[in-house]
Amino acid sequence: MTRRRPEKCWTTPEKYTYFTSFKSLNQNGCYTHSSACGGHLSGQKTGYRVLRCGFYWPTIFKDSSEYACRCGNCQKMGGISKRDDMPLQPILVVDIFDVWRINFMGPFPNSCGYLYILVAVDYVSKWVEAITTRTNDHTVVCKFVQSNIFAKFGIPRVITSNGERISRTSISGNC
């Protein structure tokens, strides 16, 4: 799209093309407000876009606000009504190292007798603790949780495995 220069314009030392009339906004404002790259933004943002295109006149923001107010598509759009509002969902507030997920990976090819990897990941920080193990039973999990999670980060609120919550009594009772 080529821009046409109106009759009454000149270039300032700041490399802005200086216009003296509102006609220029109709030629270039259409490009910066309602074209495919325009976005039908507010008058002030449209004024800044005209500035970025290299055009200037003293009443640029007032003129661009008037242009946005006269835009038919902007007037039809309106705001979101209460009927269209989405219901609010509560945000789960969790501190760092309060929720851990534990999983076994493997069996892998034998490497010095180790077949499995036990991995624990913190939900918030994505901190990873992992060890290699020979078996995938509850005693390995209990020792791992006590030595790598409880000792380093304290007792977390929740520990999950395969989407199910592991209770503190099962850890303390089995270990």
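Bear in mind that the values here come from a model prediction, so they are computed numbers and not experimental data.

Student: I tried to follow the packing of aromatic side chains on my own but got confused; where do I start?
Tutor: When we look at a pair of aromatic rings, we describe it by the centre distance and by the angle of the planes. Applying the stated criterion to the full structure yields 6 aromatic pairs. For the ring pair F97 and W100, a centre distance of 5.9 Å and an interplane angle of 15° mean the geometry is stacked. For W100, a relative accessible area of 0% translates into the label buried. Taken together, the ring pairs connect F97, W100, W127 and F153 into an aromatic cluster. It is R134 that lies over the ring of Y114; its NZ or CZ is 4.3 Å from the centre.

Student: Would you explain unusual backbone geometry in this entry?
Tutor: The phi torsion of most residues other than glycine is negative, and most of the peptide bonds are trans. Omega for the bond connecting G106 with P107 falls within 30 degrees of zero, at 10°, which places this linkage in the cis form. With phi around 60°, C112 is a residue other than glycine that occupies positive phi space. Relative to the elements of secondary structure, C112 occurs in the loop between strand 4 (99-105) and strand 5 (116-122). Taking the relative accessible area as the measure of exposure, C112 reaches 69% and is therefore exposed.

Calculation rules
Residues numbered from 1 in each chain as written. Predicted model: local features only at pLDDT ≥ 70, side-chain atom pairs only at ≥ 80, totals over all residues. Heavy atoms only, no water. Phe/Tyr/Trp six-rings, centres within 6.5 Å; stacked < 30°, edge-to-face > 60°. Buried < 20%, exposed > 50% of the residue type's maximum accessible area, 1.4 Å probe, protein only. Lys NZ or Arg CZ within 6 Å of the ring centre and 35° of its normal. Helix = DSSP H or I, 4+ residues; strand = E, 2+ residues; numbered from the N terminus.

Take it as geometry only, folks, not as evidence of what the structure does.
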